[in-house]
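Observations on the three-dimensional arrangement
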Amino acid sequence: MRTVPIQLPETVFSALRKNPEEFIQEMRIAAAAKWYELGEISQAKAAEIAGLTRAEFINALSRYQVDFMQYTAQELAEELTNVD
C-alpha cells in the first residue's frame, strides 16, 4: 500500500470530533461514496478506496444517502432484457 501525505489544518479535526486517523478514514469513505454515486468507480473499487469490505461499504452508503445500486437507464434496460 502506498502512503500519500496530506496536510490539513489542525482545526479541521474538531469539525467531525475525530482524531486525525479517524478523520482521514472518514474522508476516504466520503470520497469513495461520492465517486461511486457519480459513477466514476465501481462498488468494489470504492470499497477498496474506503478501506472497507464491500458489505461494510454498502452499509456506509446508507449514511451518505447513496443508493447501493447505481445503474444508468441503458444498463437497467440491458439487465431487464437478460432476465429469464
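Some points on the packing of helix H1 (residues 20-37) against helix H3 (residues 54-63)
One can describe the packing of H1 onto H3 by two numbers: an axis separation of 10 Å at closest approach and a directional angle of 85°. Relative to H3, the element H1 lies roughly perpendicular. For the pair H1 and H3, the contacting residues are Glu 26, Ile 29, Ala 32, Ala 33 and Tyr 36 in the first and Phe 57, Ala 60, Leu 61 and Arg 63 in the second. In terms of residue class, the contact of H1 with H3 is built from seven nonpolar, no polar and two charged.

Re the side chain of Glu 26
You can see Glu 26 is positioned in helix H1. Engagement of the side chain of Glu 26 in a polar contact is seen with the side chain of Tyr 64, the distance being 2.3 Å. If near-sequence neighbours (up to four positions away) are discounted, Glu 26 is found in contact with Leu 16, Lys 18, Arg 63 and Tyr 64.

As for unusual backbone geometry
Located in the positive-phi region is Arg 17, a residue other than glycine, with phi close to 55°. The backbone of Gln 65 sits at a positive phi, close to 55°, despite the residue not being glycine. According to the relative accessible area criterion, Gln 65 is exposed, its value standing at 74%.

Details of a nonpolar patch on the surface
A contiguous nonpolar patch, built from Ile 58, Phe 68 and Met 69 and spanning about 260 Å² of accessible area, is present on the exposed surface. Looking at the element boundaries, Met 69 is found in the loop between H3 and helix H4 (73-81). Taking relative accessible area as the criterion, Met 69 reaches 42% and is therefore assigned partly exposed.

Points about the nonpolar core
Counting twelve residues, the largest nonpolar core is built from Ile 29, Ala 32, Ala 33, Tyr 36, Ile 41, Ala 46, Ala 47, Ala 50, Phe 57, Ala 60, Leu 61 and Val 66. Elements represented by at least two residues in this core include exactly H1, helix H2 (43-50) and H3. It is H1 that provides the largest number of residues to this core, a total of four residues. Not counting residues within four places of it along the chain, the set of residues in contact with Val 66 comprises Ala 33, Tyr 36, Glu 37 and Leu 61.

Criteria and thresholds
- Residues numbered from 1 in each chain as written.
- Predicted model: local features only at pLDDT ≥ 70, side-chain atom pairs only at ≥ 80, totals over all residues.
- Heavy atoms only, no water.
- Axes fitted to C-alpha atoms, helices over the stretch in contact; angles between N-to-C directions.
- Helix = DSSP H or I, 4+ residues; strand = E, 2+ residues; numbered from the N terminus.
- Parallel < 35°, antiparallel > 145°, perpendicular 65-115°, else oblique.
- Contact = heavy atoms within 4.5 Å.
- Nonpolar A, V, L, I, M, F, W, Y, C, P; charged D, E, K, R; others polar.
- Polar contact = N/O pair within 3.5 Å; in protein donor to acceptor, adjacent residues only side chain to side chain.
- Buried < 20%, exposed > 50% of the residue type's maximum accessible area, 1.4 Å probe, protein only.
- Patch = residues over 30% accessible without salt bridge, like charges linked within 9 Å, V, L, I, M, F, W, Y side chains within 5 Å.
- Areas by Shrake-Rupley, 256 points an atom, 1.4 Å probe, with all protein chains shown as cover.
- Salt bridge = Lys/Arg side-chain N within 4 Å of Asp/Glu carboxyl O.
- Core = buried A, V, L, I, M, F, W, Y, C linked by side-chain atoms within 4.5 Å.

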